[in-house]
Amino acid sequence: MRSKAFDNFAGLLSILAGVTGFAYAVSFVIISKSDPSTGALLSGKFLELTGILVIAPLIALYQRFKDEGGYALWAFIFGVAGALGRAVHGGYDLANALNPSTNLPALANLPSQSDPRGLLTFGLSGLALFTFSWLIDKNRTFPKNLAYLGYFSAILSLILYVGRLTLLDPANPIILYPALINGFVANPLFYLWLGMRLRK
């Protein structure tokens, strides 16, 4: 049974996830260029926080759509795995920023063992977001445009995962443009909008 109080709580955390997701993009892309150590510290912390914050909105979405067969459960499991992977990846980056290893430059190009090339952060999270967007699209309590924004963000996330897995170079336009659009606009906007809808 859905709880209005939990929907309000999940909505607030969703809004915060939109803010921290945007802050992650700013620290990773902009601050890191002028001050790499501060950028690494902030981006790790914001990535970790975003991973933790998105779990409550995922629970709220699952509660709304759990009668839609197994689709909501499938999206929820993938979404939570992606969120925890994002939090662990952020924690790993934060730990390295706080106590940098002398071997860090040599290790920088190796995939994270907890989230190789964004398998969880982009891959599973993208699949979960696409599925939840499909469920939102079928539901009359959410605006259709929220579903379309979710589809767009999910597709960009999946492109990012495949791009990081195969092309590696983050400056490659196939990786760079989806990362900029998703990190600065699509994904934060989705969670901000979702949060406001949940709080209504």
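Residues numbered from 1 in each chain as written. Predicted model: local features only at pLDDT ≥ 70, side-chain atom pairs only at ≥ 80, totals over all residues. Heavy atoms only, no water.

Participant: Could you give an account of the overall build of the chain, naming the residues involved and the relevant values?
Facilitator: Across its full length, the chain carries eight helices and zero strands. Starting at the N terminus and ending at the C terminus, the chain contains elements arranged as α-α-α-α-α-α-α-α. Relative to the compact-globule value of 16 Å for 200 residues, the chain shows a C-alpha radius of gyration of 17 Å, a close match. Taken along the three principal axes of its C-alpha coordinates, the chain extends 50 × 30 × 25 Å. (Helix = DSSP H or I, 4+ residues; strand = E, 2+ residues; numbered from the N terminus. Rg over C-alpha atoms; globule rule 2.2 N^0.38 Å.)

Participant: Tell me about the environment of Gly-183, and please be specific about residues and values.
Facilitator: Its location among the elements puts Gly-183 in helix 8 (residues 173-199). Separated by 152 residues in the primary sequence, Gly-183 and Ile-31 place their C-alpha atoms 14 Å from one another. Not counting chain neighbours up to four residues away, the residues in contact with Gly-183 comprise Gly-21, Phe-22, Ala-25, Pro-178 and Pro-188. (Contact = heavy atoms within 4.5 Å.)

Participant: Which residues make up the packing of aromatic side chains, and what values go with them?
Facilitator: This model, assessed by the stated rule, comprises ten aromatic pairs. Ring plane angle 35 degrees and centroid distance 4.4 Å describe the contact between Trp-74 and Phe-78, whose orientation is recorded as tilted. With Trp-74 and Phe-78 both in helix 4 (residues 71-98), this residue pair falls four residues apart, about one helical turn. Since its relative accessible area comes to 39%, Trp-74 is described here as partly exposed. Seen from their ring centres, Phe-190 and Tyr-191 are 5.3 Å apart, and the 90 degrees between their planes marks the pair as edge-to-face. Overall, Phe-190 belongs to the buried group, its relative accessible area being 1%. Ring pairing ties together the aromatic residues Phe-130, Tyr-148 and Tyr-151, which thus form one cluster. A cation over a ring is seen here: Lys-138 above Trp-134, with NZ or CZ 4.4 Å from the ring centre. (Phe/Tyr/Trp six-rings, centres within 6.5 Å; stacked < 30°, edge-to-face > 60°. Buried < 20%, exposed > 50% of the residue type's maximum accessible area, 1.4 Å probe, protein only. Lys NZ or Arg CZ within 6 Å of the ring centre and 35° of its normal.)

Participant: Summarise the side chain of Asp-115; cite the residues concerned and give the values.
Facilitator: Examined against the element boundaries, Asp-115 turns out to sit in the loop between helix 5 (104-107) and helix 6 (119-138). Buried charge without a partner: Asp-115 forms no salt bridge, and the closest opposite charge is Arg-86, 7.4 Å away. Among the polar contacts made by the side chain of Asp-115, one reaches the main-chain amide nitrogen of Leu-120 at a distance of 2.7 Å. Within the local environment of Asp-115, its side chain forms a polar contact with the side chain of Thr-121, the two groups lying 2.5 Å apart. Once residues within four sequence positions are removed from consideration, Asp-115 is found in contact with Gly-85, His-89, Leu-120 and Thr-121. (Lys, Arg positive; Asp, Glu negative; His and termini not counted. Salt bridge = Lys/Arg side-chain N within 4 Å of Asp/Glu carboxyl O. Polar contact = N/O pair within 3.5 Å; in protein donor to acceptor, adjacent residues only side chain to side chain.)

Participant: Outline the packing of helix 1 (residues 4-34) against helix 2 (residues 36-53), listing residues and values.
Facilitator: Interaxial distance between helix 1 and helix 2 falls to 8 Å at its minimum, and their mutual angle equals 160 degrees. Considered as vectors, helix 1 and helix 2 are oriented roughly antiparallel to each other. The two elements helix 1 and helix 2 cross, and the hand of that crossing is left-handed. Residue-level contacts link Leu-13, Leu-16, Ala-17, Thr-20, Gly-21, Ala-23, Tyr-24, Ser-27, Phe-28, Ile-31, Ser-32 and Ser-34 of helix 1 to Pro-36, Thr-38, Gly-39, Ala-40, Leu-42, Ser-43, Phe-46, Leu-47, Leu-49, Thr-50 and Leu-53 of helix 2. Looking at the contact of helix 1 with helix 2 residue by residue, the class counts come to 14 nonpolar, nine polar and no charged. (Axes fitted to C-alpha atoms, helices over the stretch in contact; angles between N-to-C directions. Parallel < 35°, antiparallel > 145°, perpendicular 65-115°, else oblique. Left-handed = near helix turned anticlockwise from the far one by under 90°. Nonpolar A, V, L, I, M, F, W, Y, C, P; charged D, E, K, R; others polar.)

Participant: For the nonpolar core, give the residues involved together with the corresponding values.
Facilitator: Judged by nonpolar contacts, the single largest core of 31 residues is most densely connected at Leu-61, Phe-65, Phe-132, Ile-136, Phe-142, Phe-190 and Leu-194. Elements that contribute at least two residues to this core include exactly helix 1, helix 3 (55-65), helix 4, helix 6, helix 7 (144-166) and helix 8. The dominant element in this core, judged by the number of residues it contributes, is helix 3, at six residues. Residues within four places of Phe-132 in sequence aside, it is in contact with Leu-58, Leu-61, Tyr-62, Phe-65, Ala-72, Ala-75 and Phe-76. (Core = buried A, V, L, I, M, F, W, Y, C linked by side-chain atoms within 4.5 Å.)

Participant: Provide a residue-level description of the environment of Gly-21, including the pertinent values.
Facilitator: Its place among the elements puts Gly-21 in helix 1. Spatially, the C-alpha atoms of Gly-21 and Phe-46 are 6.8 Å apart, while their sequence positions differ by 25 residues. If we skip the residues at most four places from it in the chain, Gly-21 touches Thr-50, Gly-183 and Pro-188.

Participant: Any details on the side chain of Ser-153? Residues and values, ideally.
Facilitator: In this fold, Ser-153 is placed in helix 7. The class of Ser-153 is buried, set by a relative accessible area of 0%. If sequence neighbours within four positions are ignored, Ser-153 has contacts with Leu-129, Asn-182, Ala-186 and Asn-187.

Read these as spatial facts, not as claims about activity.
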